[in-house]
Each structure stands twice: as C-alpha cells, then as structure tokens.
Amino acid sequence: MCATCGCGDATGPRVSVVAGGEHEQDDSHGHGHHHDHDHDHDHDHDHGHGHSDHTVILEQQVLAKNDGIAVHNREWMRGRGITALNIMSSPGAGKTTLLARTIRELGRQRPIAVIEGDQETRLDAERIREAGASVVQVNTGAGCHLDAEMIDRALRALDPADESLLLIENVGNLVCPALFDLGEEGKVVLISTPEGGDKPKKYPHIFAVADLVVINKIDLLPYVEFDVDACVAQAKILNPAVCVVVLSATTGEGMDEWYEWIGSRSAISPVAVDN
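(A) Structural detail: the overall build of the protein chain. The number of helices and strands found in the protein chain is 8 helices and 9 strands. Across the 275 residues that make up the protein chain, the buried fraction comes to 53%. Put simply, of all contacts in the protein chain between residues at least 6 apart along the chain, 74% involve residues at least 24 apart. Total accessible area on the protein chain is roughly 12200 Å²; 50% of this is exposed by carbon and sulfur atoms.

Encoded structure:
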C-alpha cells in the first residue's frame with residue numbers, strides 16, 4: 001500500500017500507447033484523451049507517515065477511493081460490451097505468453113486489447129503488439145500493482161472497441177494486486193509448474209479472490225516436482241467456487257478450456273479455436 005510498499009512514489013505511473021514499435025503517447029500526468037467516464041480524482045495524497053493507526057486509515061481510504069473508480073470503470077466497459085480480465089501472477093509464470101497466444105488464436109473472432117503493467121520497460125507491450133493486439137503500457141515505477149485509476153487513464157489512451165476483450169496483465173506479484181479492484185469482470189491467477197504447487201498455501205488471499213486459477217507450463221511436468229491434484233485441492237479449500245484450467249501456453253494443450261472460460265465471462269462466447 002502507499003505507506004509501506006512504494007506505491008505512493010511521487011513520480012506516478014506512466015501510461016503510453018505502443019504502436020509500430022514507437023512510443024506514441026505518454027500520459028504520465030493524466031492528460032490523455034478523455035472518454036465520457038471522467039472522474040473527479042483527488043490527487044492530494046497524504047501518505048500519513050506518522051502512527052500506525054494513521055497508516056491503517058490511509059490504507060482504508062486508498063482502497064475506498066480505488067473501489068469507487070473501479071465501479072465507474074466497470075460501468076463504462078459494461079455499457080460498451082467490453083469484457084475485462086485481470087490476470088495476476090508472479091514474474092515469469094507465463095502471462096505474456098498466454099496473452100500472445102490468445103491474441104493470435106482468439107483475435108480472429110473478436111477485437112482484443114491489452115493493458116500491460118510493469119514497473120519499467122515496454123518489452124511485454126512490444127510482444128503483445130507483434131501478436132496483433134492494440135496495447136497500452138502502464139509503467140508503475142516503484143508501484144507493485146495496477147489500480148483502478150491507472151486503468152481509467154489507460155482506457156482513455158487505448159480506446160478499446162465495443163464488444164472487445166480487454167486483457168489486463170498486472171504487475172508480477174502475488175500479494176498487492178489481490179487487494180485492488182480494477183473494474184474487471186474476472187480475476188485470473190496464473191501459476192506455473194516450475195514455481196511449485198504450494199502457492200495457494202503461501203499466498204492465500206489472491207487465490208481466495210480468484211475467479212479462475214490457471215496452471216501453466218504443464219509441458220514441463222516431467223521435469224519438475226508439481227502435484228496438480230494437490231495444488232487444485234489447496235485452491236479449492238481457500239475458494240470452493242474457483243474454476244481451474246490446466247494448460248501449456250507454449251504447446252497449446254488445454255487452451256480450449258481457457259477460451260471456454262473467457263466465453264463464460266463474456267456477452268460474446270468464442271467458438272472452438274482450430275489449432
């Protein structure tokens with residue numbers, strides 16, 4: 001949170017459109033193109049570096065403000081038939097690979113746009129652009145997660161098409177992203193087999209709020225110690241209603257189940273993809 005993890009860095013996040021390999025627009029100070037979902041955001045951040053009770057109050061205020069903006073984001077996207085998914089994982093779990101394959105295969109059926117979250121660089125945004133989707137990069141600097149106000153600004157820059165699929169790749173982190181509603185229709189937690197199957201035990205909150213758990217890199221199961229059934233059981237103890245998809249974003253195994261789940265969250269259901 002702002003008082004403890006650096007998310008209150010005074011420089012703020014940088015929002016930029018990536019197209020043709022060039023930096024087209026930088027909305028570092030929120031002066032980008034406006035949609036009709038404007039919000040009166042109070043940018044006077046009192047970070048309360050005093051007593052611990054002040055920190056708790058500050059964190060409650062940050063979350064309350066975030067939730068209000070998330071409601072506006074959700075209403076704006078629902079009004080245009082846009083399905084937004086918030087994809088969270090630790091670094092290196094395969095989020096960008098999953099998104100790139102999804103764009104190449106599912107993008108033939110409906111428009112797909114992406115908001116990329118990283119502390120620095122536009123490397124992943126370039127991969128997404130090359131896969132064929134419009135993309136905006138949000139660099140959070142010292143921040144360790146995206147929040148609803150960043151998504152608001154990114155939506156203004158991205159201007160996703162009506163009835164599109166919006167994939168939000170959050171900053172690699174299994175802690176803070178779980179706390180912040182972005183206005184999405186579904187929260188996806190991605191883990192990979194090389195990380196080990198104990199992630200639900202170590203990071204219970206993010207699994208408790210997930211709508212879907214994706215176990216990625218199953219093509220590596222012969223080479224790593226990972227008990228899929230035990231991992232799924234741990235996730236179900238924390239969140240009995242959670243769905244689980246087991247796949248390899250590299251080989252394509254299990255991707256149809258991923259697409260079916262996307263269809264279940266959308267007003268527009270994708271048909272089976274021919275691999």
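Text resumes after the structure shown.
(B) Geometry of helix α2 (residues 95-106). With 12 residues, α2 should reach 16 Å at 1.5 Å per residue; the first-to-last C-alpha distance of 16 Å fits that figure. Across the 12 residues of α2, 10 count as buried, placing the element largely inside the fold. Within α2, burial applies to Lys-95, Thr-96, Leu-98, Leu-99, Ala-100, Arg-101, Thr-102, Ile-103, Glu-105 and Leu-106. Of the surrounding elements, those touching the buried residues of α2 are β3 (83-89), β4 (112-118), α3 (123-131), β6 (165-169), β7 (186-192) and α8 (255-265).

(C) View of unusual backbone geometry. Of note in this structure, Glu-163 is not a glycine but carries a positive phi near 60°. With respect to the element layout, Glu-163 can be found in the loop between α4 (148-158) and β6. Even without being glycine, Lys-217 reaches a positive phi, approximately 65°. Residue position: Lys-217 is located in the loop between β8 (212-216) and α7 (228-238). A relative accessible area of 22% places Lys-217 in the partly exposed class.

(D) The arrangement of the packing of α2 against α3 in detail. One way to put it is that α2 packs onto α3 with a least axis distance of 9 Å and a crossing angle of 15°. Overall, the two elements α2 and α3 adopt an arrangement that is roughly parallel. The crossing of α2 and α3 is right-handed. Here α2 contributes Thr-96, Thr-97, Leu-99, Ala-100, Ile-103 and Arg-104 to the contact with α3, which in turn contributes Asp-124, Arg-127, Ile-128 and Ala-131. Tallied by class, residues from the contact of α2 with α3 come to 5 nonpolar, 2 polar and 3 charged.

(E) Main features of the nonpolar core. By size, the foremost hydrophobic cluster in this structure holds 30 residues, and its most contacted members are Val-114, Leu-167, Leu-247, Trp-258 and Ile-262. Broken down by secondary-structure element, the contributors of at least two residues to this core are β3, α2, β4, α3, β6, β7, β8 and α8. Excluding its chain neighbours within four sequence positions, the residues that come into contact with Leu-247 are Leu-98, Val-214, Ile-215, Asn-216, Lys-217, Ile-218, Glu-253, Gly-254, Met-255 and Trp-258. If you look at the next biggest cluster of nonpolar residues, it comprises 20 residues, including Val-138, Met-150, Ile-151 and Ala-154.

(F) Expanded view of the environment of Leu-146. Note that Leu-146 resides in the loop between β5 (134-139) and α4. Using a relative accessible area of 0% as the deciding quantity, one classes Leu-146 as buried. Residues in contact with Leu-146, not counting those within four places in the same chain, are Gly-117, Val-138, Thr-140, Ile-151, Ile-168, Glu-169, Asn-170, Val-171, Phe-180 and Leu-182.

(G) Highlighting the pattern of salt bridges. Counted under the stated rule, the structure contains 9 salt bridges. Here Asp-152 and Arg-156 are joined by a salt bridge, their closest N and O atoms 3.0 Å apart. Of this pair, Asp-152 and Arg-156 both sit in helix α4, separated by 4 residues, roughly a single helical turn. In terms of burial, Asp-152 and Arg-156 fall into one category: buried. The salt bridge partner of Asp-198 is Lys-202, with a shortest N-O separation of 3.4 Å.

(H) Spotlight on the environment of Asn-86. For Asn-86, the position within the fold is in strand β3. Note: C-alpha distance between Asn-86 and Leu-166 (80 residues apart in sequence) is 8.8 Å. Setting aside residues up to four positions removed in sequence, Asn-86 forms contacts with Ile-168, Asn-170, Phe-180, Leu-182, Glu-184, Gly-186, Lys-187 and Val-188.

(I) Quick peek at the pairing of β3. Most of β3 is tucked away: 7 of the 7 residues are buried. Across the two faces of β3 the burial is the same, with Thr-83, Leu-85, Ile-87 and Ser-89 and Ala-84, Asn-86 and Met-88 all buried. With 5 bridges joining them, β3 and β6 adopt parallel strand pairing. Bridging from a neighbouring strand, Asn-86 pairs with Ile-168 of β6. Bridge count for β3 against β7 is 5 bridges, and the pairing is parallel. The residue of β7 that forms the bridge with Met-88 is Val-189.

What counts, and where the lines are drawn
- Sequence order as written defines residue numbering, which begins from 1 separately in each chain.
- Where local features are concerned, this predicted model is filtered to residues with pLDDT of at least 70; where side-chain atom pairs are given and counted, the filter is 80 or more; whole-chain, interface and lining totals use all residues.
- No hydrogens and no water enter the side-chain calculation; it runs on all heavy atoms of the structure.
- Helix numbers and strand numbers start at the N terminus; a helix is a DSSP run of H or I with at least 4 residues, a strand a run of E with at least 2.
- The buried label applies to any residue whose accessible area, calculated with a 1.4 Å probe on protein chains only, is under 20% of its type's maximum; exposed applies above 50%, and partly exposed to all values in between.
- The contact definition used throughout considers only heavy atoms, calling two residues in contact when any of these lie within 4.5 Å.
- We get accessible surface area from the Shrake-Rupley algorithm with a probe of 1.4 Å; when it comes to residues, only the shown protein chains can shield them.
- In this analysis, the expected span of each helix is defined as 1.5 Å times one less than the number of residues it contains.
- To obtain an axis, a line is fitted to C-alpha atoms, over the contacting stretch when the element is a helix, and the angle between two such axes runs from 0 to 180 degrees between their N-to-C directions.
- For classification purposes, an angle smaller than 35 degrees is called roughly parallel, one larger than 145 roughly antiparallel, one from 65 to 115 roughly perpendicular, and anything else oblique.
- In this scheme, a crossing is called left-handed if the near helix is turned counterclockwise away from the far one by less than a right angle; it is called right-handed if the turn is clockwise.
- When residues are grouped by polarity, Ala, Val, Leu, Ile, Met, Phe, Trp, Tyr, Cys and Pro land in nonpolar, Asp, Glu, Lys and Arg in charged, and all others, Gly among them, in polar.
- Throughout this description, the term nonpolar core refers to a set of buried Ala, Val, Leu, Ile, Met, Phe, Trp, Tyr and Cys residues connected via side-chain atoms within 4.5 Å.
- When a carboxyl oxygen of Asp or Glu lies within 4 Å of a side-chain nitrogen of Lys or Arg, that pair is called a salt bridge.
- Between any two strands, at least two bridges found by DSSP are needed for them to pair.

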